[in-house]
Amino acid sequence: MKTYISLLICGLCCLLGSTTTQGQNYQNINDSLQQMLSTTIIGKDRVDLLNEISYNFRRTSPENVLHFAKKAESIAHKINYQKGLCIAYKNMGIAYYKLGKPINLTSNYYQLAISIAEEIGDYYTQAACNNNIALLYNQSLDYNTALKYYLKGIEIFDQHFEEGNRLKALMLANVSSCFFQLKDNDRALAYGERANSIARKYDLQSILSMYLDDLAQVYTEINEFEKSEQLLQEARVLQKRFGDHQSYLQTVKTLVDLRLKMEDLKDSKFLINDAINLAKANEFNPLIPGLYNVLGKVFFFENQYDSTLYYCNKAYESAVASEDMPDQKNALEILSSTYHKKGQYQKAYELFYSYHVIQDSMQNAQKFAETSRLESAYQNRVNNQKIEFLQQEKAIQKSRISLLWVLCFVALSFLLLIFYFFYKNKKSNKIIQQKNKELEKYISSNMQLENFAYIASHDLKTPLRTIVSFTQLLRRKMKHNLGEAESDYLNHIITGAKEMTVLIEDLLSYAMIEKKKLRLEQFEVEPLIKVLLSEIDLYIKEQQAHIFLNIQVENMVGDSILIKHVLQNLLTNAIKFTQDGQTPKVWISAYEQKGKWLFQVRDNGIGIDKEFHEKIFLIFKRLNNKLDYDGSGIGLAICKKVIDLHQGAIWLDSEKGKGSTFSFTIPMVKIAAAPQDKEQLSKAFA
Ligand code: ADP
């Protein structure tokens, strides 16, 4: 948007440049810019636009400069647009300067602009505002303070900008003027020449036209009249070219003053008369008394005293009208000298007296100005301290607010965390309660099932036995009358009934294992295993199995019959589930691990897929075809029940085709008392 506005301004300048004056240009540009204000431009763009309009009014209407700058300031403030705020303050400074407000007020706005420009790194505005403050002091004849600000501005330029800058050349020229006013001709010349050389090198002709006059005065002061004359002539040409009549008139005055000093008046009278006409035509009234005075001096130099009196009286009258004290004083001085020359001493004395009165009042005014300058400097310092204090307060407030935010954030996160944990806890409590209920249900149904299994299996055994006995009797009696098929049927009945008997017995022993019936005792492990091996020796031999023992447990406490049962189940399974064509090999080991007795039965059999490692311990869970491997699917369920009752754990490590390792642990219980103390043993497993 900024570029758009700039382009628009450039465009409008080009459009209007050829036919109208610069003042009119600004007026037209501003009309167009103000029309843009009625559109929907908002935010930073609106601030930029308002600042642009404000600045364009600087030559024509300080009231408008102030009006638009204030609008820009208020928006920039609201949206925290620092750059916009900085320019608005600078424009307000310009407005107050043009409106003739006290230095204090004006320089305060420039100072505000400088402090923001420093924050955002806008060096040009920093330098420009320093220059503007310096101008204020320069105009109130406080050259020392003015110098301070000019030099600060120049320093900024030296650090951040290229040499060929218009504002820098202008500031150097102003520094030179200040030193000239302070009668420090050496430095006035040094800075003046710096400005001069930059202006020439970069062809800054408008600067030259404004400043050569001042530089010439320095050369006049050090008696280099020719150089001075040369500069003044050059200045006149440039001022004519730029139409800068005011500077031209000043230059003519300086030139004639120089000629008076050189005692070579040449075309001085003509130049001065021409200048007076020009001043009258352009209504440059404040310059007229000075020009009359110079003309009077020329006539005085030529001893034409009447003409001197005529022009110096005119000078005095117009100086009184325009309250121009220095020219009143100059006129009175020349008039007094003229009357003195004419021998009218009384008149000369009166005028000389008036001359002194004015000089005194000028000195008083100067003293008053100096006092108020000191006063305003003091006020400035107080204000600056106040601003600094407020800025510090603001910074502290800011850091307090950020701390408060952090604390709020931490407190909120803490609350959220508590809420989260509370919620999670409530949820998990609910889940636990639900699981407990399920467990209770499961336990009670399991107990009912076990009772039922016990009763059913016990009662079923008798009729089954009857079936087997009578079928065997029938087969024996009818041996010769039965055909092959009938005999086969009877065999099937007997086999089925026998299988059913095994199933019922297994079921019965499963149902009969109850905690209250654990017969705990201390027993020796290796002998127990040896007894087991001898009991199933026939089966081992039948299957040609190899059994390897590694028993590192001597005594242990538990129900030896049930533990033997577990080992038997695991061992027979290990032999039973052999891979086709392989000799079954089983490794039985028992040792201490982490305070428990660890038993392991490893085989080289068919192995079990990982997905069945848990399910395998459920009752009736079988993985193989009954024709390949017989069994009831109750053995491992019994093992788990026994180990659970002993507060131990049972698990399986296996992979299909790579053998299986069944492991179980029994807690190590050391009993000092007699192993027969059943109560103590029961407590140990509680
Ligand atoms: P079963 O009377 O069928 O042997 P179990 O409860 O002892 O009943 O075993 C359940 C199932 O676990 C078996 O049918 C078999 O599929 C599998 N199984 C048990 N031990 C082994 C083993 N050592 N190797 C391979 N599979 C086994």
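All residue numbers refer to positions counted from 1 along the written sequence of the respective chain. The predicted origin of the model limits local features to residues at a pLDDT of at least 70 and limits the giving and counting of side-chain atom pairs to 80 or more, whereas totals for whole chains, interfaces and linings rest on all residues. To obtain the side-chain values, all non-hydrogen atoms of the structure were used and water was disregarded.

## Remarks on the confidence of the model for the chain
- What pLDDT reports is the predictor's confidence in each residue, on a scale of 0 through 100. On average, the chain scores 85 in pLDDT, and the residues at 70 or more come to 90%.
- What makes two residues a contact is simply this: any of their non-hydrogen atoms within 4.5 Å. Predicted confidence for residues 1-23 stays below pLDDT 50, and this span has 26 contacts to residues more than four positions away or in other chains.

## As for the pattern of salt bridges
- Any Lys or Arg side-chain nitrogen found within 4 Å of a carboxyl oxygen on Asp or Glu counts as a salt bridge. Under the defined criterion, the tally for this structure stands at 16 salt bridges.
- Salt bridges sharing common partners tie together Asp 158, Lys 168 and Arg 194.

## Some thoughts on the environment of Ala 377
- The helix and strand labels rest on DSSP assignments: H or I over at least four residues marks a helix, E over at least two residues marks a strand, and numbering proceeds from the N terminus. Residue placement: Ala 377 occurs in helix α18 (residues 345-477).
- Between the alpha carbons of Ala 377 and Ile 103 there is a distance of 9.6 Å; along the sequence they are 274 residues apart.

## Overview of helix α17 (residues 325-341)
- An ideal rise of 1.5 Å per residue puts 24 Å on 17 residues; α17 measures up with 24 Å between its terminal C-alpha atoms.
- For α17, every residue scored as buried is listed here: Asp 327, Gln 328, Lys 329, Ala 331, Leu 332, Ile 334, Leu 335, Ser 336, Thr 338 and Tyr 339.
- Contacts described as polar in this section are N or O atom pairs within 3.5 Å, which, within protein, must combine one atom able to donate a hydrogen with one able to accept it, while residues neighboring in sequence count only if both atoms come from side chains. At the N-terminal end of α17, a side-chain oxygen is found 3.1 Å from the backbone nitrogen of Asp 327, two or three residues along, and the residue is Asp 324. Here the expected length of a helix is defined as 1.5 Å per residue gap, with one fewer gap than residues. Think of it in three bands: with a 1.4 Å probe and only protein chains considered, a residue is buried below 20% of the maximum accessible area for its type, exposed above 50%, and partly exposed in between.

## Points about the nonpolar core
- The term nonpolar core refers to a set of buried residues drawn from Ala, Val, Leu, Ile, Met, Phe, Trp, Tyr and Cys, joined through side-chain atoms within 4.5 Å. Counting residues in hydrophobic clusters, the biggest one holds 97 residues, and the most contacted among them are Leu 249 and Ile 272.
- For this core, the leading source of residues is helix α9 (residues 166-181), giving nine residues.
- Discounting residues that sit within four places of it in the chain, Leu 249 has contacts with Ala 275, Leu 278, Ala 279, Phe 284, Leu 287 and Leu 291.

## So, the site of the ligand
- Whether a residue is near a molecule or strand depends on its heavy atoms: if one lies within 4 Å, it is near. Close to the ligand lie 20 residues, the nearest being Asn 573, Arg 622, Asn 624, Ser 632 and Leu 636.
- Taking Lys 576, its side chain carries an N or O atom lying 3.0 Å from an oxygen atom of the ligand.
- All accessible areas in this document rest on Shrake-Rupley with a 1.4 Å probe, and a residue is counted as covered only by the protein chains that are shown. Bound to the protein, the ligand loses 97% of the 530 Å² it would expose on its own.
- For each structure, a 1 Å grid was placed over the protein atoms alone; sets of points admitting a 1.4 Å probe that cannot get out are labelled cavities, open sets with protein on both sides within 12 Å along at least five of seven lines are labelled pockets, and lining residues have an atom within 4 Å of a point. To qualify as sitting in a cavity or pocket, a molecule needs more than half of its atoms within 2 Å of the grid points. Taken atom by atom, the bulk of the ligand overlaps the second largest pocket.
- Lys, Arg, Asp and Glu make up the charged group, whereas Ala, Val, Leu, Ile, Met, Phe, Trp, Tyr, Cys and Pro make up the nonpolar group; the residues left over, Gly among them, are polar. The residue makeup of the shell around the ligand, split by class, is nine nonpolar, seven polar and four charged.

## Things to note about the packing of helix α5 (residues 82-98) against helix α7 (residues 123-139)
- Note on geometry: axes are lines fitted to C-alpha atoms, helical ones only across the stretch in contact, with angles between N-to-C directions running from 0 to 180 degrees. Two numbers describe how α5 lies on α7: the axes approach to 11 Å, and their chain directions differ by 15 degrees. If you check the angle between α5 and α7, you find them roughly parallel. Judged by the sense of rotation from one axis to the other, the crossing of α5 with α7 is left-handed. Contact residues: Cys 86, Ile 87, Lys 90, Ile 94 and Tyr 97 in α5; Thr 125, Cys 129, Asn 132, Leu 136 and Gln 139 in α7.
- Class assignment for the residues of the contact of α5 with α7 results in six nonpolar, three polar and one charged. Each angle receives one of four descriptions, namely roughly parallel if under 35 degrees, roughly antiparallel if over 145, roughly perpendicular if within 65 to 115, and oblique otherwise. Throughout, a crossing is termed right-handed when the near helix is turned clockwise from the far one, and left-handed when it is turned anticlockwise from it by less than a right angle.

## Looking at the packing of aromatic side chains
- Ring geometry is summarised as follows: Phe, Tyr and Trp rings, the Trp one being its six-membered ring, pair when their centres sit within 6.5 Å, and such pairs are stacked at plane angles under 30 degrees, edge-to-face over 60 and tilted between the two. Tallied over the full model, the rule gives 17 aromatic pairs.
- Consider the rings of Tyr 124 and Phe 161, whose centres lie 6.1 Å apart with planes at 85 degrees: the pair is edge-to-face. In this pair, Tyr 124 sits in helix α7 while Phe 161 sits in the loop between α8 (143-160) and α9, placing the two residues 37 residues apart along the sequence.
- Take Tyr 124: its relative accessible area is 40%, and that puts it in the partly exposed class.
- Here Phe 299 and Tyr 311 contribute two aromatic rings whose centre-to-centre distance is 5.5 Å and whose plane-to-plane angle is 5 degrees, an arrangement assigned as stacked. Note that Phe 299 is positioned in helix α15 (residues 288-301) and Tyr 311 in helix α16 (residues 305-321), a separation of 12 residues in sequence.
- Relative accessible area serves as the criterion here: at 9%, Phe 299 is assigned to the buried category.
- What links up through ring pairs into an aromatic cluster is the set Tyr 292, Phe 299, Tyr 310 and Tyr 311.
- In this scheme, the term charge over a ring applies when either NZ of a lysine or CZ of an arginine sits within 6 Å of the ring centre and within 35 degrees of the ring normal. The side chain of Arg 58 reaches across the aromatic face of Tyr 55, ending 3.9 Å from its centre.
- One residue, Arg 602, lies across the ring of Trp 587, its end atom 4.2 Å from the ring centre.

## Concerning the sheet that holds strand β7 (residues 660-667)
- Pairing is mixed in the open sheet, where five strands are placed in the order β2-β4-β5-β7-β6. Here the strands that pair on one side only, and so sit at the sheet edges, are β2 (546-551) and β6 (649-654). Across the sheet, the mean angle from the axis of one strand to that of its neighbour is 15 degrees, orientation sign disregarded.
- Most of the contacts of helix α20 (residues 525-535) go to β2, to which it runs at about 170 degrees, and overall it touches β2, β4 (585-593) and β5 (596-603). By this definition, two strands are paired if DSSP reports at least two bridges between them.

## Thoughts on the environment of Leu 533
- Checked against the element boundaries, Leu 533 lands in helix α20.
- Judged by relative accessible area, Leu 533 falls into the buried class, the value being 15%.
- With 14 residues separating them in the primary sequence, Leu 533 and Ile 547 have C-alpha atoms 9.0 Å apart.

## A word on the side chain of Thr 251
- Note that Thr 251 resides in helix α13 (residues 245-262).
- Here the side chain of Thr 251 touches Gln 239 through a polar contact of 2.8 Å, side chain to side chain.
- Residues contacting Thr 251, with those up to four places away along its chain left out, are Asp 213, Leu 232, Ala 235, Arg 236 and Gln 239.

## A closer look at the pairing of β7
- Along β7, eight of the eight residues are buried, which leaves the element largely enclosed by surrounding structure.
- Burial along β7 is two-sided: the face carrying Ser 660, Phe 662, Phe 664 and Ile 666 and the face carrying Thr 661, Ser 663, Thr 665 and Pro 667 are both buried.
- Alignment of β5 against β7, held across seven bridges, turns out to be antiparallel. Bridge assignment links Lys 596 to a residue of β7, and that residue is Pro 667.
- Sheet topology note: the β6/β7 ladder contains six bridges and is antiparallel. Counted as the bridge partner of Trp 651 is Ser 663 from β7.
- Adjacent in sequence and paired antiparallel, β6 and β7 are bridged by five residues, among which Gly 657 carries a positive phi angle near 85 degrees.

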